[in-house]
Amino acid sequence: MIIDIIGDIHGYADKLVGLLKQLGYEHNGQYFVPPAGHRALFIGDLIDRGAQQLATLEIVFAMLDADVADAVMGNHEYNALAYATPDPNPDIDTATQYLRSHNEVHRRQHEAFLAEIPFGSAMHQYWLQRLYELPLWIETDYACFVHACWDTDSMNLLKPLLTDDNCLTSEGLIATGKEDTVAFDALERVLKGVETPLPDGIVMVDKEGTKRTRVRVRWWLDELNERTLREVARAPTSALAQIPSDALASNIDFALKTDKPVFVGHYWLTGSPEPLSSQVACTDYSAAVDHGYLTCYQLDTEQPLPLTATQFVQHCHDDIQTVAE
């Protein structure tokens, strides 16, 4: 069996259709049928940013309903649920009435989705319920699939809040939506990755314009706490330049506790696709920007390792583009 692991789509249905066709999937009038011996797996962040939100959801969920594909939840699907869910215990000192506040940054992030699927509409309620069907992670005999980080310690903390299939419950959404709690931190790791504090006085501004005093970590590297912070930080070059070259990473509490290959999205990579490490591969190559490509890794379940650059396929307009070529 070949698992076609497809990266973050972000509402770019045209790129998704193009990639599926390049991979040999054919539409039968209801859903895209994979070539013999293939199955698709979507690594999360189906929504937000692009102008084809509804079309993307319809394509993906038609494949899920036909049992020719699987998918995991991304942080944008989680955010959509939290944005629409009233906080049962709102902070009286703020205007926040939902688990995810409706501030300007959050509205901007979610506006493409709500432009097509109006807030509070019957269609909105329908798709929110469908998003609950996406598990936070999938583990098989041959590989692990999660949107941002395979952190088994965080997963064990989350399990009591999930269904048997690792899907969020409404109670789990509320529990993980409260900042400065164990559940919130665990959810953040699984769907957004590992972070560590920046040195005192260092502030980074992310692509959304948000100021941050913490930075994401390349958790797939070995010996995280024996490297410099620049080495382990996952940030633009201009931001990394703000970190003193001799600043050391320290107290990063993470260990990859599986021997299986791990597949993630989330990280807005660029350039020619290649595995992040001997064990970890990312299929997010910034499809949500003009120069980005929707990317797939074709995993052979009979021989999942070693991970190789030649197994990546990128949507490239009219022609299929693979690293092997």
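Residues numbered from 1 in each chain as written. Predicted model: local features only at pLDDT ≥ 70, side-chain atom pairs only at ≥ 80, totals over all residues. Heavy atoms only, no water.

Asks: Please give an account of the overall build of the chain that cites residues and values.
Replies: Counting secondary structure elements, the chain contains 10 helices and 18 strands. Relative to a compact globule of 325 residues, whose C-alpha radius of gyration would be 20 Å, the chain shows 19 Å and is just as compact. Dimensions of the chain along its principal axes, counting C-alpha atoms only, are 55 × 45 × 40 Å. Taking as baseline every contact in the chain between residues at least 6 positions apart, the subset at least 24 positions apart corresponds to 63%. Each charge sign in the chain was given a centre, from 23 positive and 48 negative side chains, and these centres are 5 Å apart. (Helix = DSSP H or I, 4+ residues; strand = E, 2+ residues; numbered from the N terminus. Rg over C-alpha atoms; globule rule 2.2 N^0.38 Å. Contact = heavy atoms within 4.5 Å. Lys, Arg positive; Asp, Glu negative; His and termini not counted. Charge placed at Lys NZ, Arg CZ, Asp CG, Glu CD.)

Asks: Would you mind going over the packing of aromatic side chains in detail, with residue names and values included?
Replies: One pass over the structure, following the stated rule, counts 11 aromatic pairs. An angle of 80° between the planes, with centres 6.2 Å apart, marks the rings of Tyr83 and Phe119 as edge-to-face. Here Tyr83 is found in helix α3 (residues 75-84), whereas its partner Phe119 is found in the loop between α4 (104-116) and α5 (122-131), with 36 residues between them in sequence. Taken together, a centroid distance of 5.0 Å and an interplanar angle of 85° make the contact between Tyr297 and Phe312 edge-to-face. Pair noted here: Tyr297 is in strand β16 (residues 293-300) and Phe312 is in strand β17 (residues 312-316), with a separation of 15 residues, a long-range link. A relative accessible area of 1% means that Tyr297 is categorised as buried. By relative accessible area, which is 0% here, Phe312 ends up buried. (Phe/Tyr/Trp six-rings, centres within 6.5 Å; stacked < 30°, edge-to-face > 60°. Buried < 20%, exposed > 50% of the residue type's maximum accessible area, 1.4 Å probe, protein only.)

Asks: Talk me through the side chain of Thr301; I want residue IDs and the actual numbers.
Replies: With respect to the helices, strands and loops of the structure, Thr301 is situated in the loop between β16 and β17. We classify Thr301 as buried; its relative accessible area is 14%. Excluding its chain neighbours within four sequence positions, the residues that come into contact with Thr301 are Met1, Ile3 and Tyr142.

Asks: I'd like a description of the pattern of salt bridges, backed by residues and values.
Replies: In total, this model carries 12 salt bridges according to the counting rule given. Here Lys192 and Glu188 are joined by a salt bridge, their closest N and O atoms 3.1 Å apart. A residue pair is termed a helical-turn pair when its members lie 3 or 4 positions apart in one helix, as Lys192 and Glu188 do in helix α8 (residues 182-192) at 4 residues. Three or more residues are tied together by salt bridges with common partners; here these are Arg39, Asp67 and Asp70. (Salt bridge = Lys/Arg side-chain N within 4 Å of Asp/Glu carboxyl O.)

Asks: Pulling in residues and values, what's your account of unusual backbone geometry?
Replies: Across the junction of Leu305 and Pro306, the peptide omega takes the value 5°, indicating a cis bond. Structurally, Pro306 is set in the loop between β16 and β17. Residue Asp67 is not a glycine yet carries a positive backbone phi of 60°. Mapped onto the secondary structure, Asp67 falls in the loop between α2 (53-65) and β5 (69-71). Note on Asp67: relative accessible area 53%, which makes it exposed.

Asks: Can you explain the sheet that holds strand β8 (residues 195-197)? Please cite residues and give values.
Replies: Read from one edge of the open sheet, 3 strands run β8-β11-β12, paired in antiparallel fashion. Sheet topology places β8 and β12 (233-234) at the edges, where each strand pairs with a single neighbour. Note that β8 and strand β11 (residues 214-217) share 3 bridges and pair antiparallel. Of the residues in β11, the one forming a bridge with Thr196 is Val215. (Pairing = 2+ DSSP bridges.)

Asks: So, the side chain of His106: which residues are in play, and what are the values?
Replies: Here His106 is to be found in helix α4. A polar contact is formed between the side chain of His106 and the side chain of Arg100, at a distance of 3.4 Å. (Polar contact = N/O pair within 3.5 Å; in protein donor to acceptor, adjacent residues only side chain to side chain.)

Asks: Tell me about the nonpolar core, residues and numbers included.
Replies: Counting 86 residues, the largest nonpolar core has Phe42, Met63 and Trp219 as its most contacted members. If you tally residues by element for this core, the top one is α2, at 7 residues. Beyond its immediate chain neighbours, meaning those up to four positions away, Phe42 contacts Ile6, Ile9, Leu16, Val60, Met63, Ala69, Asp70, Ala71 and Val72. Core analysis: the next-biggest nonpolar cluster, separate from the first, contains 14 residues, Ile3, Phe145, Leu299 and Leu307 among them. (Core = buried A, V, L, I, M, F, W, Y, C linked by side-chain atoms within 4.5 Å.)

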